[in-house]
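Analysis of the macromolecular model
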Amino acid sequence: MKAKITLLPGDGIGPEIIVASEKILKRISEKFGHEFEMDSQHIGGIAIDETGNPLPDETLDSCKKSDAVLLGAVGGPKWDDPNASVRPEQGLLGLRKELGLFANLRPVQPHPQLLGASPLKESYLEGTDMLILRELTGGVYFGQPREKRINANGEEEALDTMIYSESEVFRIAKLAFDIAGTRRKKVTSVDKANVLESSRLWRKTVAKLAEDYPEIELENLLVDAATMHLLSRPRDFDVMVTMNLFGDIITDEASMLTGSMGNMPSAALGEGLNSFGKPRGMYEPIHGSAPDIAGQGIANPIGMILSAAMMLRHSLGLSSEAEAIEKAVDAVLNAGHRTSDIAKEGESPLGTMEMAEKIISAL
Ligand code: IPM
Ligand code: MN
């Protein structure tokens, strides 16, 4: 097959891990006889430096014309001035919104060989296999009004708006129930319905939808309790669905079940379809730009590489190819290869490209 992929390296370690995933895709295209046409574009801080805009038109055009988008990371201290008029993160948020990517799939599957790399006891982790479904284009990330202003006391104040409509909750919750139907048939919905109006609407909408899915068990958790249950009984969860802000926070917490943020991939899907009639998704590791280690060639490329595998599966319909990558990552971890974030004391860690090369060889 022939597919168009937009690559968005972005900032920090983004460019380093994107190169790693590009190499993997090249190997896949040779092995399985596909043609991947890659178009690399700027997003985030680098795009601000080059064009003044964190999401240049050219980037957006390329993404809209492609079958899928692979993104490294955005942001860094260089663009962190709280008074700056534009921020790298606006590029990423704008792209999610423009492409209508309302559903963020973040699988949490601690690798059996990496249980020791998690701060949690192995006995708690064994058997954990969950999918966190984060609503990605609504809630407090996008709600209006949002502004900074001077209040009646002459003091600066700032506000954001947490808002959800029924249809926004419905479409993400429906996806949660549908996916749970293909898994262990349990949905955990996370909200703050004891305090927030928007969460009460969330809970009510999910409950109504649940009536159409009698075979699926629905559990409701308040977000504060959910963060605790995630550590005390992670294996009890199957599909966890939650709003944008809570999902952002919970998935960082959940990444530590896998030993490192560097391991976790994600897929952002929506209503837009590509030339194969599949969702035109955006795929990115959940970790950020990691400015502290950028440029050193030591970042863990696994989250990025597994994101590329998710892209093959969800946007290009190439399940065997996706599985080949996942098996190769498994094999490399089983063989004891580690990057510095998941290495034990005394183990000599591999760099980004060395890890990628091991995975390519295993392919
Ligand atoms: C993520 C990131 C982003 C988010 C930032 C970079 C805007 O933390 O993808 O989880 O908050 O969504
Ligand atoms: Mn995040």
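These figures come from a predicted structure and were not determined experimentally.

Turning to the domain arrangement of the protein chain, a few remarks are in order. According to the domain assignment, the protein chain contains domain 1 (1–111 + 261–363) and domain 2 (119–127 + 161–258). Computed from C-alpha coordinates alone, the two centres of domain 1 and domain 2 are separated by 25 Å. Each partner contributes residues to the interface: domain 1 has twelve residues there, and domain 2 has eleven residues. At the boundary of domain 1 with domain 2, total buried surface from both sides reaches about 1100 Å², with 66% on carbon and sulfur atoms. When the buried surface of domain 1 facing domain 2 is broken down by residue, Phe102, Pro110 and Met261 rank first, second and third, together holding 40% of it. Taken together, the links from domain 1 to domain 2 amount to two residue pairs in polar contact (both at pLDDT 80 or more). Residue classes in the side of domain 1 that touches domain 2 are distributed as eight nonpolar, two polar and two charged.

Moving on, we get to the environment of arginine 183. Within the element layout of this structure, arginine 183 appears in the loop between helix H6 (166–181) and strand S8 (186–191). Here arginine 183 falls in the partly exposed class, since its relative accessible area comes to 25%. Residues arginine 183 and valine 108 lie 75 residues apart in sequence; the distance between their C-alpha atoms is 14 Å. For arginine 183, the residues in contact, after removing those within four places along its chain, are Asp129, Met130, Leu131, Asp238 and Val239. Within polar-contact distance, the side chain of arginine 183 engages the backbone oxygen of aspartate 129 at 2.9 Å.

Around ligand 1, the neighbouring residues are Glu89, Leu92, Arg96, Arg106, Arg134, Tyr141 and Asp248. In the environment of ligand 1, an oxygen atom lies 2.7 Å from a nitrogen or oxygen atom belonging to the side chain of arginine 96. Within the contact set of ligand 1, an oxygen atom lies 2.8 Å away from a side-chain nitrogen or oxygen of arginine 134. Tallying contributions element by element places helix H4 (residues 88–98) first for the shell around ligand 1, with three residues.

So, how was this worked out
- Note that residues are indexed from 1 along each chain, following the sequence as it is written.
- Each chain gets a letter, beginning with A, and each ligand a number, beginning with 1, in the order they are written.
- Predicted model: local features are reported for residues with pLDDT of at least 70 only, side-chain atom pairs are reported and counted for 80 or more only, and whole-chain, interface and lining totals are derived from all residues.
- With hydrogens and water excluded, all non-hydrogen atoms of the structure serve as input to the side-chain values.
- Each domain span listed reflects an automatic or database assignment of domains.
- Whether two residues touch is decided by their heavy atoms; if any such pair falls within 4.5 Å, the residues are in contact.
- A simple way to read buried area is as the amount of 1.4 Å-probe accessible surface that goes missing from two parts once joined, with both sides added.
- Any N or O atom pair separated by 3.5 Å or less is treated as a polar contact, with the protein-specific requirement of one donor-capable and one acceptor-capable atom, and with residues adjacent in sequence counted only for side-chain atom pairs.
- Think of it as three bins: nonpolar holds Ala, Val, Leu, Ile, Met, Phe, Trp, Tyr, Cys and Pro, charged holds Asp, Glu, Lys and Arg, and polar takes everything else, Gly as well.
- The way it works is that DSSP assigns letters per residue, a run of H or I at least four long becomes a helix, a run of E at least two long becomes a strand, and they are numbered from the N terminus.
- Only protein chains enter the accessibility calculation, which uses a 1.4 Å probe; a residue is then buried when its area is under 20% of its type maximum, exposed when over 50%, and partly exposed in between.
- Residues are labelled near a given molecule or strand when at least one of their non-hydrogen atoms is within 4 Å of it.

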